[in-house]
2 protein chains.
Amino acid sequence: MVHQGIVQPLLTDLYQITMAYAYWKFNKQSQAAVFELFFRNNPFKGGYTIFAGLSDCIEFVSNFAYSKSDIDYVKSILPSSVEEEFFHFLSGIHGDQVTIAAVPEGSVVFPRVPLLRVEGPLATVLLMETTLLTLVNYASLVTTNATRFRLTAGNDKPLFEFGLRRAQGPNGGLSASRYCYIGGFNGTSNVLAGKLFSIPVVGTHSHAFVMSFSGLTDLCKTHVQYATGSDSKLFDLKCGTQKWLTQISPMLDVAEDEIIEGELAAFISIAIAFPTNFLALVDTYDVIRSGIPCFCAVTLALDEAGYRAKGIRLDSGDLAYLSRQSRCQFQLLAERLNKPWLSLLTIVASNDINVRTMNSLNQQGHQINAYGIGTHLVTCQEQPALGCVYKLVELDGVAKMKLTQERSKLSLPAKKKVYRLFGENGSPLADLLQKYDESPPLVDQQVLCCHPFQESERKYIVPSRVEEMNCNYWIKGKSCKEIPKLVDIRNYCQNQVNSLRRDHQLLSNLNTYKVFVSDALYQTMHKLWVGDTTMREPGSYHE
Amino acid sequence: MVHQGIVQPLLTDLYQITMAYAYWKFNKQSQAAVFELFFRNNPFKGGYTIFAGLSDCIEFVSNFAYSKSDIDYVKSILPSSVEEEFFHFLSGIHGDQVTIAAVPEGSVVFPRVPLLRVEGPLATVLLMETTLLTLVNYASLVTTNATRFRLTAGNDKPLFEFGLRRAQGPNGGLSASRYCYIGGFNGTSNVLAGKLFSIPVVGTHSHAFVMSFSGLTDLCKTHVQYATGSDSKLFDLKCGTQKWLTQISPMLDVAEDEIIEGELAAFISIAIAFPTNFLALVDTYDVIRSGIPCFCAVTLALDEAGYRAKGIRLDSGDLAYLSRQSRCQFQLLAERLNKPWLSLLTIVASNDINVRTMNSLNQQGHQINAYGIGTHLVTCQEQPALGCVYKLVELDGVAKMKLTQERSKLSLPAKKKVYRLFGENGSPLADLLQKYDESPPLVDQQVLCCHPFQESERKYIVPSRVEEMNCNYWIKGKSCKEIPKLVDIRNYCQNQVNSLRRDHQLLSNLNTYKVFVSDALYQTMHKLWVGDTTMREPGSYHE
């Protein structure tokens, strides 16, 4: 549903298919393979990552099958020496050959923890690699990014995703809307996302809208119904606005001829079209000299008709300063007119906001109530890709690991279980990876936790609670765990982030959350590692 | 076709629909509007941008219509006060109400030049804004990025896009494959992109493939047909490889027990599966001690069977050093064995390459023949969004411009024509924007070119050639210019980039290509600008 037919078996790298052929030719296609999907570094130099994309993965696997036209195309691009029988084999591949375990969507996760484990015949599992990575990488990245905005803004500020026009492709935009919602945003401007995912959709008007009005003569309608009145009784919003403008201009220290009449007309038209939702973009010309006075006059007139305006949006300039100035004007009128609600009007800020500028706004002091965030959120400007990888960890029951000259690229061998160990205060202390058949760590018992690469770094943890993080979602064609509704994934994600210790939570990686391995897993790994005579320290082959 | 049903009228920001309602309510929906789409800064701090996405835009507009379910959804999210009649209006909106002019897809373009001009009824033109921006922004960004890799690599090095797994959503991946091809890449690893767009698809094998072989006993097949022989005669590639390995190991100064037997088996299996396309990933264990000797042994055995191997891929480590070392080994064997072709084998490099690392490889000296490029290419890591905007420039025949306190956000008013002025050597000198009804600049005549904002900066240019850059593609429902085939857009784009002067072309913006306006356009703009009494210098309202 999310990806409307693009997510299909051919959305893959060609080498998956050429390798599948080689496996098939050497009768290895059915070897029992276990692959794990994980990443090596938290994005954005942050302390954690959110796992997302699982629902899409399960949907992809459950529909996995090559169509006749897929097979014909693949045949056309492979060498003619490829045996015909291989294409019969390909067309017999289905998602019911694999088993998928995963951590729940929306979980806080950490480097080297297997997010997804895919088990099944070697060729089949491999043929799913690229698509699964595509589905998890961006989803997790943008969800993580959204949670960072949420943490920075605080839990009480509505956040809206406005990124569609700057997203990487139409589907990048759709995915962003969905996953930013999971990450704690309150809504999106993207109508199709609203329709497909039942996410709240918001929007007001643009600068171009304001510019399209020259003056009050543009208004062929001037009246609104009273909010509570009968159908027949109408209020003249244009006259009411003009009257209020004359009254408040001196209070706001603005000369009436400073007002841009086109802006005033635009605001009146918006208020007449949406009397219950009046929110005006006030920075097309001059926020303080025209935008705010026009907005306040319309707002006061609407009030006479029984409607409460929502507020303003600022989309340029010094947002901290302009929001404070706007709030001052609201407060000033609230006092002078004895209408306290005026001081509480919403101020929405947009214009290229990222986590850093939001932090800086917080430091400067601002009066912003809600944010609209676009480019930096959806493109993840600070780091536009998450580096999830998909590695073979077991083949026909034998543990495997990638041995390489770059230690950072070593993978942890063997099919694993993931446990999260919690402290007394309910926050997670560390994750522990064990071999699949080890007995689980026990509450209130010492658990030996080993650094995966440094033998000296091991310690005992006594967890107050233990949670097994990965469980089966799909066993050979059978869905065995329901995918929660979007809003439930969103709530789970928010709880996950909020339960993190502050020093693990936020936006630097000074105090890294630890992912340990059990001693048994450590031994398995080091047997493979040390046993490999070609291993050298990184760079040693330069000498 | 590219976006498989995602690109539809609801792929927009809600405010476009709320504004359309306000326009409709005030009877402004049919005002004759002209919007122009442009950007303000070249991406990547570069000297130019490539315009792309036009075919998608025309396809979108030609199919523009709200379905019943779209209308029902919109109704469900707007306030109940919205008049029913508006939804009838919406359902009557079609792409045949607008006219679209554009510069050709694949053109080199510059800041403030209108890339797309959309004319039609105000509400209709507005309802297309977000989708058009989405279609142009990422397409142009990633095409531009691809051309920068092409310029850095030089015209003779094949470049392959390997970015699917790191792309921003599945459709981000598909778009990237398509537009990187336009930008000068030779192919992609993305099979679906190959199928949909007829782009060459490439791929070999992964580290996991190598790791899945433990030794030569894994090989249940050992023979290949001779390249030129009859069906019955087979060559024992396993034995041949072993024989060659024994012979070349001392030449390469490698002890035979340094060879990883699983790697050798993997390479033999790849060669048996694809004898005509043998290209091996040689860095799973140790490039020089195992990868290269294994590859060379298989290559020499294949040669006996009449096949010419392609080469190797390096995916980690110091690519400059490893490529030089690999080339040395090839050359050494070429001399010792008197097989000169060995020294010419292809070396493909991948592993997180960006323009900077490619430049650095060029400086260090390398022996790389081709590149596979992923993350940095498709996500445009250096700058992941292009800031195209869509601005009202004329309404009912009256020029409009956005007046704002931020001078950088000023837009150029009026419906325009775009001319490119060329010098004697065939390179473009500058672009000139004129009002639509001005007579065009003439060859070999002085043309007055004005800086849009600085009155003192104007000069005469005598062009040797003048090209009108924008022309109509779609006039009220009729396609009036054929969209070229992908490969023709690609060729046009390459010519565009290559015709640029070197100082305008490459990767810094020290010597900026100039975009001028005619005096008439300058006057129109400054009448609007100066006439606006609220204009102040940026920041002046802080005092």
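Our subject is the structure that appears above.
Computed from a predicted model, the values in this text were never measured in an experiment.

A.B. asks: Would you explain the sheet that holds strand β1 (residues 32–38) of chain A in this entry?
C.D. replies: Backbone-to-backbone hydrogen bonds pair the strands of a sheet. The strands run either parallel or antiparallel. All names here are of chain A. Spatial strand order, β15-β14-β1-β5-β3-β21-β22: 7 strands in an open sheet with antiparallel pairing. Strands with a single pairing partner mark the edges of an open sheet, and in this sheet they are β15 (398–399) and β22 (478–479). In the sheet, strand β21 (residues 471–475) pairs with β22 via 2 bridges, with the strands oriented antiparallel. Counterpart to Ile-475 in the pairing with β22 is Lys-478. Its contacts with the sheet put helix α2 (residues 54–62) on β3 (99–102), β5 (116–121) and β21, and the angle it makes with β21 is roughly 30 degrees.

A.B. asks: Can you walk me through the relation of the copies chain B and chain A in this structure?
C.D. replies: Mapping between the two copies of the chain is achieved by a rotation about an axis and a shift along the axis. Rotating chain B by 180 degrees and translating it 0.0 Å along the rotation axis places it on chain A, where the RMSD comes to 0.0 Å. Here the copies are linked by what is in effect a two-fold axis. The C-alpha atom lying nearest the rotation axis in chain B is that of Asn171(B); the distance is 2.6 Å. Comparing interface residues between copies, 100% of those in chain B also sit at the interface in chain A, which points to an isologous, same-surface contact.

A.B. asks: Could you clarify how one ought to interpret helix α4 (residues 84–91) of chain B in this entry?
C.D. replies: Spacing of three or four residues puts side chains on the same side of an α-helix, whose turn is 3.6 residues. Residues and elements named next belong to chain B. All of the buried residues along α4 are Phe-86, Phe-87 and Leu-90. End-on, the buried residues of α4 take up no more than an arc of 100 degrees, which puts them together on one face. In this structure, the buried residues of α4 make contact with α1 (14–25), α3 (68–77) and α5 (122–127).

A.B. asks: Sorry if this is basic, but what is going on with the interface of chain B and chain A here?
C.D. replies: Interfaces are often sized by the accessible area lost when the parts come together. Across the contact, 125 residues belong to chain B and 125 residues belong to chain A. Counting each side, the surface lost to burial between chain B and chain A is near 10,300 Å², with a carbon and sulfur contribution of 61%. Interface area lost by chain B to chain A is led by Phe26(B), Arg165(B) and Gln168(B), which between them contribute 9%. For the pair chain B and chain A, the number of links is 8 salt bridges. Residue Glu129(B) pairs with Arg165(A) through a salt bridge whose shortest N-O separation is 3.0 Å. At the junction of chain B with chain A, the criterion picks out 41 residue pairs in polar contact (both at pLDDT 80 or more). With 10 residues, α1(B) is the single largest residue contributor to the side of chain B that touches chain A. Looking at the side of chain B that touches chain A residue by residue, the class counts come to 59 nonpolar, 44 polar and 22 charged.

A.B. asks: Help me out: how do you make sense of the packing of helix α12 (residues 287–304) of chain B against helix α13 (residues 319–336) of chain B in this one?
C.D. replies: Two quantities define a packed helix pair, namely the angle between the helix axes and the distance between the axes. All names here are of chain B. Packing of α12 against α13 leaves a shortest axis separation of 11 Å and a crossing angle of 45 degrees. On the basis of their axis angle, the class for α12 and α13 is oblique. Judged by the twist between their axes, the crossing of α12 over α13 is right-handed. Together, Val-287, Ile-288, Ile-292, Phe-295 and Cys-296 of α12 and Leu-322, Gln-325, Ser-326, Gln-329, Phe-330 and Leu-333 of α13 make up the contact between the two elements. Its residues assigned to classes, the contact of α12 with α13 shows 8 nonpolar, 3 polar and no charged.

A.B. asks: Explain the packing of aromatic side chains here, please?
C.D. replies: Centre distance and the angle of the planes are the two values used to describe a pair of aromatic rings. One pass over the full model with this rule turns up 36 aromatic pairs over all chains. Look at Phe86(A) and Phe89(A): their rings are 6.1 Å apart centre to centre, the planes differ by 35 degrees, and that puts the pair in the tilted class. Taken together, the residues Phe86(A) and Phe89(A), both in helix α4 (residues 84–91) and 3 residues apart, mark about one turn of the helix. Taking relative accessible area as the criterion, Phe86(A) reaches 0% and is therefore assigned buried. One aromatic cluster is present, built from ring pairs that chain together Tyr21(A), Trp24(A), Phe86(A), Phe87(A), Phe89(A) and Phe274(B). Over the ring of Phe213(B) we find Lys28(A); its NZ or CZ atom is 4.1 Å from the centre of that ring. The ring of Phe422(A) has Arg465(A) sitting right over it, with the charged end atom 3.8 Å from the ring centre.

Cut-offs used in this document
Residue positions are given per chain, counting from 1 as you read along its sequence in written order. Labels are handed out in written order, letters beginning with A for the chains and numbers beginning with 1 for the ligands. Note on the predicted model: pLDDT of at least 70 is required for a residue's local features to be given, and 80 or more for side-chain atom pairs to be given and counted; whole-chain, interface and lining totals, by contrast, use all residues. With hydrogens and water excluded, all non-hydrogen atoms of the structure serve as input to the side-chain values. Two strands form a pair only when DSSP identifies at least two bridges running between them. Segments assigned H or I by DSSP are reported as helices when at least four residues long, segments assigned E as strands when at least two residues long, and all are numbered from the N terminus. We call two residues in contact when some of their heavy atoms are within 4.5 Å. All axes are obtained by fitting lines to C-alpha atoms, using only the stretch in contact for helices, and the reported angles, taken between N-to-C directions, cover 0 to 180 degrees. Alignment of the copies relies on least squares applied to C-alpha atoms, considering only residues that score at least 70 for pLDDT in both. Classification of residues uses two cut-offs on accessible area relative to the type maximum, computed with a 1.4 Å probe and protein chains only: under 20% is buried, over 50% is exposed, and between them is partly exposed. Note that the arc is defined by the directions from the helix axis to the C-beta atoms. Summed over both partners, the accessible area lost on bringing two parts together, with a 1.4 Å probe, is the buried area. By convention in these notes, a salt bridge is any Lys or Arg side-chain nitrogen within 4 Å of a carboxyl oxygen on Asp or Glu. What qualifies as a polar contact is a pair of N or O atoms within 3.5 Å, subject to a donor-acceptor requirement within protein and to the restriction that residues adjacent in sequence count only when both atoms come from side chains. Charged means Asp, Glu, Lys or Arg here, nonpolar means Ala, Val, Leu, Ile, Met, Phe, Trp, Tyr, Cys or Pro, and polar covers whatever is left, Gly included. What sets the label is the angle itself: under 35 degrees gives roughly parallel, over 145 gives roughly antiparallel, 65 to 115 gives roughly perpendicular, and the rest give oblique. Crossing chirality is assigned from the near helix's rotation relative to the far helix, an anticlockwise turn below a right angle marking it left-handed and a clockwise turn marking it right-handed. Only centres within 6.5 Å qualify two rings of Phe, Tyr or Trp (six-membered ring in Trp) as a pair; their planes then separate them into stacked at under 30 degrees, edge-to-face at over 60, and tilted for everything else. Only when the NZ atom of a Lys or the CZ atom of an Arg is both within 6 Å of the ring centre and within 35 degrees of the ring normal do we say a charge sits over the ring.

Keep in mind these numbers describe shape, not what the thing actually does.
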